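Chain by chain, the residues run as shown.
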Amino acid sequence: MHTFKYFLLALLLVAVYPSFGQQQDVSGVNVENLSDEQIQKVAEEVKARGLTMEQAASLARARGASQLQIDQMMQRIRQMETVQPTEAIPPTAEPDKNNLNYIAPSKKEKTPVSPKNKKLFGYQLFNQENLTFEPSVNIPVPTDYVLGIGDEVTIQVWGASQQTYNLQVGTNGAINIPGIGPVSIANQNFSSAKKTITNRLTSIYDGMNGSTPNTYADVTVNNPRSIKVNVIGEAIAPGTYTVPATASAFNVLYLSGGPNENGSFRDIRIMRNNKLLATVDVYDYLINGNAANNVSLRDQDILFIPTYQKRVETEGSFKRNAIFELREGENISQLLDFTGGFTEEASSSRLLLTRFANDQYQLKDIDKSHFGSLQLQNGDLIHAEKVIDRYENRLTIEGAVFRPGSYALEEGMTLSQLIKKAGGLREDYFANRGLIIRLDEKLFPTTLAFDLEEVMQGKNDPRLQREDQVVIHDIFSIGEKKSVRILGEVMKPGEFEFRKNMILKDLIFLAGGMTEAASESYIEVARRNSYEEAGTVGSKLATLYQFRIGRDLKLADENASFMLQPFDQVYVRRAPSYETQRTVSIRGEVQYPGEYSISDKNERISDLVKRAGGLTPTAFAAGAKLRRTIDQQAREQLEVIETLSDSTIDIAAETEKGYADLELRLRDILNAPGHAYDYLLREGDEITVPTKTEEIWVNGEVLNPIGLAWENGRGIKYYINRAGGFSDNARKSRIYVIDTDGTTKVTKSFIVKNYPEVSPGSRIIVPAKPEKEKSDNIGRWLAITTAMSSLAIAFAAVFK
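About the cut-offs
- Residues numbered from 1 in each chain as written.
- Predicted model: local features only at pLDDT ≥ 70, side-chain atom pairs only at ≥ 80, totals over all residues.
- Heavy atoms only, no water.
- pLDDT = per-residue confidence, 0-100.
- Contact = heavy atoms within 4.5 Å.
- Phe/Tyr/Trp six-rings, centres within 6.5 Å; stacked < 30°, edge-to-face > 60°.
- Helix = DSSP H or I, 4+ residues; strand = E, 2+ residues; numbered from the N terminus.
- Buried < 20%, exposed > 50% of the residue type's maximum accessible area, 1.4 Å probe, protein only.
- Pairing = 2+ DSSP bridges.
- Axes fitted to C-alpha atoms, helices over the stretch in contact; angles between N-to-C directions.
- Arc of directions from axis to C-beta.
- Polar contact = N/O pair within 3.5 Å; in protein donor to acceptor, adjacent residues only side chain to side chain.
- Core = buried A, V, L, I, M, F, W, Y, C linked by side-chain atoms within 4.5 Å.
- Lys, Arg positive; Asp, Glu negative; His and termini not counted.
- Salt bridge = Lys/Arg side-chain N within 4 Å of Asp/Glu carboxyl O.

For the chain, per-residue confidence averages 81 on the pLDDT scale, and 77% of positions sit at 70 or higher. Within the model, pLDDT remains below 50 along residues 14-24, and this stretch shows 18 contacts once partners closer than five positions in the same chain are excluded. Contacts from residues 77-93, a stretch scored under 50 in pLDDT, to residues over four places away or in other chains number 36 contacts.

A few words now on the packing of aromatic side chains. Across all of its chains, the model carries ten aromatic pairs by this definition. With a centroid separation of 6.3 Å and 25° between ring planes, the pair formed by Phe-324 and Phe-338 is classed as stacked. With a gap of 14 residues between them, Phe-324 in strand S12 (residues 323-325) and Phe-338 in helix H9 (residues 332-339) connect regions that are remote in the sequence. An identical accessibility class is assigned to Phe-324 and Phe-338; each is buried.

Helix H7 (residues 249-256) sits mainly inside the fold: eight of its eight residues count as buried. Residues of H7 that are buried: Ala-249, Phe-250, Asn-251, Val-252, Leu-253, Tyr-254, Leu-255 and Ser-256. Contacts made by the buried residues of H7 are with strand S6 (226-233), strand S7 (239-244), strand S8 (268-272), strand S9 (275-280), helix H8 (282-288) and strand S10 (302-305).

We now examine the sheet that holds strand S5 (residues 215-222). Read from one edge of the open sheet, three strands run S2-S1-S5, paired in antiparallel fashion. Two strands lie at the open edges of the sheet, namely strand S2 (163-168) and S5, each paired on one side alone. The average undirected angle you get between the axes of adjacent strands in this sheet is 15°. Here six bridges tie strand S1 (residues 152-159) to S2, and the two strands are oriented antiparallel to one another. Its bridge partner being in S2, Gln-156 is matched across the sheet by Thr-164. The strands touched by helix H6 (residues 190-201) within the sheet are S1 and S5, with S5 carrying the most contacts at an inclination of about 140°.

Read from one edge of the open sheet, five strands run S27-S26-S30-S28-S29, paired in mixed fashion. Two strands lie at the open edges of the sheet, namely strand S27 (594-597) and strand S29 (659-662), each paired on one side alone. When the angles between neighbouring strand axes are averaged without regard to direction, this sheet yields 20°. Relative to S27, strand S26 (residues 583-588) is paired through four bridges, and the arrangement is antiparallel. The residue of S27 that forms the bridge with Val-584 is Tyr-596.

The subject of this paragraph is H9. Residues Ile-332, Leu-335, Leu-336, Phe-338 and Thr-339 constitute the buried set of H9. Down the axis of H9, the buried side of the element spans an arc of 155°, and every buried residue falls inside it. Buried-residue contacts for H9 involve H8, strand S11 (311-316), S12, strand S13 (350-357), strand S14 (360-367) and strand S15 (381-384). Directly beyond the C-terminal end of H9, a positive phi value near 85° is found at Gly-340.

Glancing now at unusual backbone geometry. The residue Leu-443 is not glycine, and still its phi comes out positive at about 65°. A positive phi angle, near 75°, is found at Phe-567, a position not held by glycine. Within the fold, Phe-567 resides in the loop between strand S24 (542-547) and strand S25 (569-574).

So, on to the environment of Asp-299. Mapping Asp-299 onto the fold places it in the loop between H8 and S10. Accessibility expressed as a relative area gives 42% for Asp-299, which makes it partly exposed. For the pair Asp-299 and Thr-242, spaced 57 residues apart in the sequence, the C-alpha separation amounts to 9.2 Å. For Asp-299, the residues in contact, after removing those within four places along its chain, are Ile-227 and Lys-228. In this structure the side chain of Asp-299 is engaged in a polar contact, spanning 2.8 Å, whose partner is the backbone nitrogen of Lys-228.

What follows concerns the nonpolar core. Core analysis: the largest hydrophobic core is formed by 77 residues, its most contacted members being Ile-155, Ile-175 and Ile-177. Sort the elements by how many residues they give to this core and H7 lands first, with six residues. With near-sequence residues (within four places) excluded, Ile-175 lies in contact with Val-153, Ile-155, Leu-167, Gln-168, Val-169, Gly-181, Pro-182, Val-183, Ile-185 and Ile-197. In terms of nonpolar packing, the next biggest core, distinct from the first, is built from 20 residues, Ile-486, Leu-504, Ile-508 and Ala-518 among them.

Mapping Lys-310 onto the fold places it in the loop between S10 and S11. Although Lys-310 is buried, it makes no salt bridge; Glu-328 carries the closest opposite charge, 4.2 Å away. Ignoring any residue separated from it by four or fewer positions in sequence, one finds Lys-310 in contact with Phe-324, Glu-325, Leu-326, Arg-327, Glu-328, Leu-376, Gln-377 and Asn-378.

Under the counting rule described, the total for this entry stands at 27 salt bridges. With a shortest N-O distance of 2.8 Å, Arg-527 and Asp-568 are connected by a salt bridge. Taken together, the positions of Arg-527 in strand S23 (residues 518-528) and Asp-568 in the loop between S24 and S25 put the pair 41 residues apart, joining distant regions of the chain. Neither Arg-527 nor Asp-568 differs from the other in exposure class; each is buried. When the shortest N-O distance is used, the salt bridge between Asp-661 and Arg-627 registers 3.3 Å. Here the residue Asp-661 occupies a position in strand S29, and Arg-627 occupies one in strand S28 (residues 625-629), the gap between them amounting to 34 residues. The exposed category is assigned to Asp-661, whose relative accessible area is 53%. Assessed through its relative accessible area of 32%, Arg-627 is described here as partly exposed. Through salt bridges that share partners, Arg-266, Asp-281, Arg-327 and Glu-330 make up one connected network.

This is the structure we're talking about:
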């Protein structure tokens, strides 16, 4: 509440407070003795009685208040306000959406547009996600903002006096400042209204006057009102838009999507009170960044977008290609400003104009000298060509020079001068021949040979022409690349570059030396036939040389001078008896299970069992198994079997595992070592000897698959009955038994079924009946009938 209001209420205390209710003269009242609660109670009483400020002031004067009492009351009120200042209202707070006067601002709607509309220069300004002109309500109002009915004005007073007013412009165009009365500010811009309000405040705040004021005031507009603006004419989305009163022309153009494919970007008119207020040229903003015509709008303003008068389109090597709108008098020079100019690849000396005239199109070449004078017409198409991919003075040189590349042709330049420009010849140049590839008058390439030694001596130094290509080879690029190869037992076998004076130990050294498997006594060199030998017909393919060499790469004296020649091939043979250790393993019921090295190529399974100390008393020899690694030979055999076999065995899966199980008749092997079943050992063999077992397993199509105790003399049917008997889907004729050594025994049927025997650890498998393929009996009989009919017709034809 304003200070002056408190002052009047405090004086009114003598009229409404009970202890002073009957007094007519207040000259004896001591204001300093009044409490804050008394002042607060007076305020509430005055508000309850509905008294105005004028009525309160008249009543206080009528009670005879002196100037001293008034001064004391002012001082008392200031002290109380310093202790409890009024909280200011943020000038840029969010609008109160619960206010009945609140009107939601318009939002930009997505409107379909034509492809031509998107090509218009300026369209993207109002229709892209990364750039928005949507009006904001959370910004301070500008100084030229015009206040109107409904605006909320916040006045903050600080310093010796502290007070905050939150006032609204009424229908009379004024705000009502307590203690001052109505202050008319409608239709004034914010800067002018702020001065008006400040000047009026000085009438009740003495501290604001003078050269050394101690009281200050600030005026802000809180929650600017909403206004309605109409967009008519050639807009993408014409209509009426509700925007904050701070909105500008671009804000509303953004909401409407801007001009459509027929609308003008250069002559957008802002109408106010049926008069033209301003004209907006969007190009001036886009090209020059000039926003001077982006004027602030008022309620009921009209944005009128007329149709365009002249448009031209650009294509080709411009920095910006689009459809541009031109004003009367603008020419190609202005159009180039709109496009941003030519690209770096453009031919800027001329343009090609396509113009519609007399019901047909015509082309016109425009020279650069006419860019500023030629007037363009509506519908013109301007095309900028790229520069010709051609050089008027280019030379190229490649090969054995220090700086190969392109060079400029100078008047009278010779080959030696070009070589000098290219840094001179490298030391490895091929001197006998070079080529100049030259274009004739029909641009067909021709060759001109030269001797490089003569050129450098000045004897034959040809003059060069435009687009000549000079080729100078080095000695290494003439003929087949010279190399040598080394194969066999060296660390890095392969091909190596041939070098002069290279001998055998040099090549072995480059290959990382010999492996441990290399034979020192058998190193062979194969050499191509010489040119003379290759020129005669014969059966000789190569010349062979054999050497002995130590691992320390010291050759014997007689071989020290043997030089390698280009394309020699060196073979370092493997020592005949060199072998790496081959490891096998034996697990389970042997005395010393573990890994063993094969000591001899003829070592067999019986030898391994013997080396392992033999079987333990609990060993089950009949159940022993052998797992063997699949080597390359076995892999190829399995692939052949898979190709020819129609079995259901997944041979590919066995190959992928890398091993296969073999039948192992360990009992027979131990009884007769060296027997056919006593396999020779191979790298990676794994032998497993299980403990004795006394169970029988019944699986497959039985009612209760189960493991049973083995009983001597019992057959398959006994164990199947113990497992509940056959199921309805059992295929009784194909029962088979898998013994502990991995072998399989099948049922044989001839008049009666002969089931295989079972032994401890055997697994009885009862397979299921195969699924019957569904057949079409009608189709089958139809086919048979057709075949019989055809056969009868054939017989009738033969025996007729």
